[in-house]
Amino acid sequence: QVRLVESGGDSVQAGGSLRLSCGVSGYRFSRNCVGWFRQAPGKEREGVASIYTGGGIATYYADSVTGRFTISQDNAKNTVYLTMDDLKPEDTAMYYCAAVAPSWDITTRCARRVASDFADWGQGTQVTVSL
């Protein structure tokens, strides 16, 4: 059974940085995909970033975070990180990590970051950015 646990959410001022962690168990990192999503009140869940490992590492980002957020993975610790720099008030949301179930088109699913493609989810960690 896949289990994901997020941590690292906090309240920060605009321009600050945070690093979120997603501890993963029961999931093989090789040829698989883990993503970070966020959801603000009244808004749809947005795929922020994802990382695919299989014959190399590929990362994908939403336009809204490109250049500010970095997704990375530590296989020894079974952890995926989301490093967030230059945070803005519009980054305020609940952040979730999720894993794609193994499939023949996993690279496509990883790149497009659609929530319905991700089978397993963590409970979320809150990020609040104030002016």
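The text that follows walks through the structure, step by step, so that each part is easy to find.

Rules of the game
- Residues numbered from 1 in each chain as written.
- Predicted model: local features only at pLDDT ≥ 70, side-chain atom pairs only at ≥ 80, totals over all residues.
- Heavy atoms only, no water.
- Helix = DSSP H or I, 4+ residues; strand = E, 2+ residues; numbered from the N terminus.
- Rg over C-alpha atoms; globule rule 2.2 N^0.38 Å.
- Disulfide = S-S within 2.5 Å.
- Buried < 20%, exposed > 50% of the residue type's maximum accessible area, 1.4 Å probe, protein only.
- Pairing = 2+ DSSP bridges.
- Axes fitted to C-alpha atoms, helices over the stretch in contact; angles between N-to-C directions.
- Contact = heavy atoms within 4.5 Å.

**With respect to the overall build of the chain**
For the chain, the helix and strand inventory stands at one helix and eleven strands. Of the regular secondary structure in the chain, the N- to C-terminal order runs β-β-β-β-β-β-β-β-β-α-β-β. Against the 2.2 N^0.38 benchmark of 14 Å for 131 residues, the chain shows a C-alpha radius of gyration of 14 Å, consistent with a compact globule. Expressed along its principal axes, the backbone C-alpha trace of the chain runs to roughly 45 × 25 × 25 Å.

**Focus: the state of the cysteines**
This model, assessed by the stated rule, comprises two disulfides. A sulfur-sulfur separation of 2.1 Å characterises the disulfide bridge that pairs Cys22 with Cys97. The sign of the S-S torsion, about 70°, decides the handedness of the disulfide formed by Cys22 and Cys97: right-handed. With Cys22 in strand E3 (residues 18-25) and Cys97 in strand E9 (residues 93-100), this pair connects stretches of sequence that are 75 residues apart. Residue classification places Cys22 among the buried positions, given a relative accessible area of 0%.

**Focus: the pairing of strand E7 (residues 69-74)**
Alternating residues of E7 divide into Phe69, Ile71 and Gln73, all buried, and Thr70, Ser72 and Asp74, none buried. In the sheet, E7 pairs with strand E8 (residues 79-84) via six bridges, with the strands oriented antiparallel. Residue pairing in the sheet places Phe69 in a bridge with Met84 of E8. Where E7 folds back on E8, the antiparallel hairpin that results is connected by four residues, among which Asn78 adopts a positive phi of roughly 50°.

**Regarding the sheet that holds strand E1 (residues 3-7)**
On the basis of which strands lie adjacent, the open sheet formed by four strands has the order E1-E3-E8-E7 and antiparallel pairing. Across the chains shown, the open sheet's two edge strands, defined by having one partner strand only, are E1 and E7. When strand polarity is set aside, the average angle formed by the axes of neighbouring strands in this sheet is 15°.

**Regarding the environment of Gly26**
Locating Gly26 in the fold gives a position in the loop between E3 and strand E4 (32-39). Taking C-alpha positions, Gly26 is 22 Å from Gly47, a pair spaced 21 residues apart along the chain. Residue contacts for Gly26: discarding those within four places in its chain leaves Gln1 and Val2.

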